[in-house]
Amino acid sequence: AMAAPGQNLAVVVHRAGDLRLENRPIPEPGPSEVLLRMHSVGICGSDVHYWQHGRIGDFVVKDPMVLGHEASGTVVKVGSGVTHLKPGDRVAIEPGVPREMDEFCKAGRYNLSPTIFFCATPPDNGNLCRYYKHSASYCYKLPDNVTFEEGALVEPLSVGIHACKRAGVTLGSKVFVSGSGPIGLVNVLVAKMMGAAAVVITDLSASRLQKAKEVGADFTIQVKNETPQEVASKVESLLGCMPEITVECTGVQACIQAGIYATRSGGTLVLVGLGPEMVTVPIVNAAVREVDIRGIFRYCNTWPVAIALLASKRIDVKPLVTHRFPLEKALEAFETTKRGEGVKVMLKCDPSDHNP
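Here's a quick rundown of the structure. (Residues numbered from 1 in each chain as written. Predicted model: local features only at pLDDT ≥ 70, side-chain atom pairs only at ≥ 80, totals over all residues. Heavy atoms only, no water.)

### Digging into the sheet that holds strand 2 (residues 18-24)
Part 1 of the argument: A sheet is described by the order of its strands in space; here three strands give the open sequence 2-1-6, paired in antiparallel fashion. The sheet is open, and its two borders are formed by strand 2 and strand 6 (65-66), each paired with just one other strand.
Part 2 of the argument: Summarising the sheet, strand 1 (residues 8-15) and strand 6 pair through two bridges and their orientation is antiparallel. When the bridges of strand 6 are listed, V12 appears paired with V66. (Pairing = 2+ DSSP bridges. Helix = DSSP H or I, 4+ residues; strand = E, 2+ residues; numbered from the N terminus.)

### Remarks on the packing of aromatic side chains
Part 1 of the argument: Following the criterion strictly, the structure yields five aromatic pairs and no others.
Part 2 of the argument: Centroid distance Y140 to W303: 6.4 Å. Interplanar angle 25 degrees. Geometry classified as stacked. Highlighted residues: Y140 in strand 12 (residues 139-141) and W303 in helix 9 (residues 303-311), separated in sequence by 163 residues.
Part 3 of the argument: The class for Y140 is buried, based on a relative accessible area of 18%.
Part 4 of the argument: Pairwise contacts between aromatic rings join F118, Y140, Y299 and W303 into one cluster.
Part 5 of the argument: Lying across the ring of F148, R90 places its NZ or CZ 4.5 Å from the centre.
Part 6 of the argument: When the ring centre of F118 is taken as reference, the NZ or CZ atom of R298 above it lies at 3.6 Å. (Phe/Tyr/Trp six-rings, centres within 6.5 Å; stacked < 30°, edge-to-face > 60°. Buried < 20%, exposed > 50% of the residue type's maximum accessible area, 1.4 Å probe, protein only. Lys NZ or Arg CZ within 6 Å of the ring centre and 35° of its normal.)

### Some points on the pattern of salt bridges
Any two side chains of opposite charge can pair, so long as their charged atoms come close to each other.
Part 1 of the argument: For the structure on display, the rule yields 20 salt bridges.
Part 2 of the argument: One salt bridge in this structure joins D89 and K141, with 3.7 Å as the shortest N-O distance. Of the two residues, D89 sits in the loop between strand 7 (70-78) and strand 8 (90-93) while K141 sits in strand 12, which places them 52 residues apart along the sequence.
Part 3 of the argument: Taking the relative accessible area as the measure of exposure, D89 reaches 6% and is therefore buried.
Part 4 of the argument: K141 gets classed as partly exposed once you look at its relative accessible area, which sits at 45%.
Part 5 of the argument: We note a salt bridge from K234 to E226, for which the minimum N-O separation is 3.0 Å.
Part 6 of the argument: Each of the salt bridges in this network shares a partner with another, and the network as a whole consists of R15, D18 and R20. (Salt bridge = Lys/Arg side-chain N within 4 Å of Asp/Glu carboxyl O.)

Right, here's the structure in full:
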């Protein structure tokens, strides 16, 4: 099943605006690693951002970097110390791997470890390529009834699971989700799964709001040029009350402001979307009403949960995939994502298997 040398096609960003398809050597797995034949890799907004801008905050592309971190594939070779996986196993890949057992890891919050390896975050290479090696402990076996694409979607789904847990979504919660991109949509899916009684979602795009309806949103608001306060009062009138929980998935200043105004006193606002480092928000409004503002950084301990939800058919992420491209057409796929077409664009890395 091994490819000849030079058959490891990879999608590599060199600097802002410079994205290339190039061949890389097939890596050799270390004792605790597995070599994977990649199958499905989703394109994330962050991948596009690194291509367009060459950086996200303090993470700067200094050397050529392979993109991709929403991924699944098949084990083709295992390191000498790996016991729980074997060649032929289909796996979903958790892209964040702690490099040392620090206090964050000991507390079970390994996503906050400052030295964590993370696919496609400079300087770490991602897995948008034919062959990729990864820590075996962060590869999770997929049951037979979970597709490779669902396995790749565990990554964005994990953001929703982590955000909704941090938000405290529970039976009967009223939830406001701001932004109906892939991350807004997974938050709708997870909030409903966790028992939310009603979810309202906002976006600029009518087609994205239509997709939100499909995945279970109860109410949608197409934002045009309302003030943050006006958006907040629309949310309240649709729900019949102010939501206890707001999940902000855009990072846009006006949306964060609307999130604060919309959230019920004593409620929680979780900031998922990331925009500029400095934003002006009505923090005193939040403070005097005891609105808790929480951040999230990626996720931790979510892969087993997400896979169990997919295997039991309690959650359906299939409607999120709207476009598929072979790896050879990656540049076209990236252009499609950049234009904001569809929801999730999936690249198929195995030339012999383009099935979902």
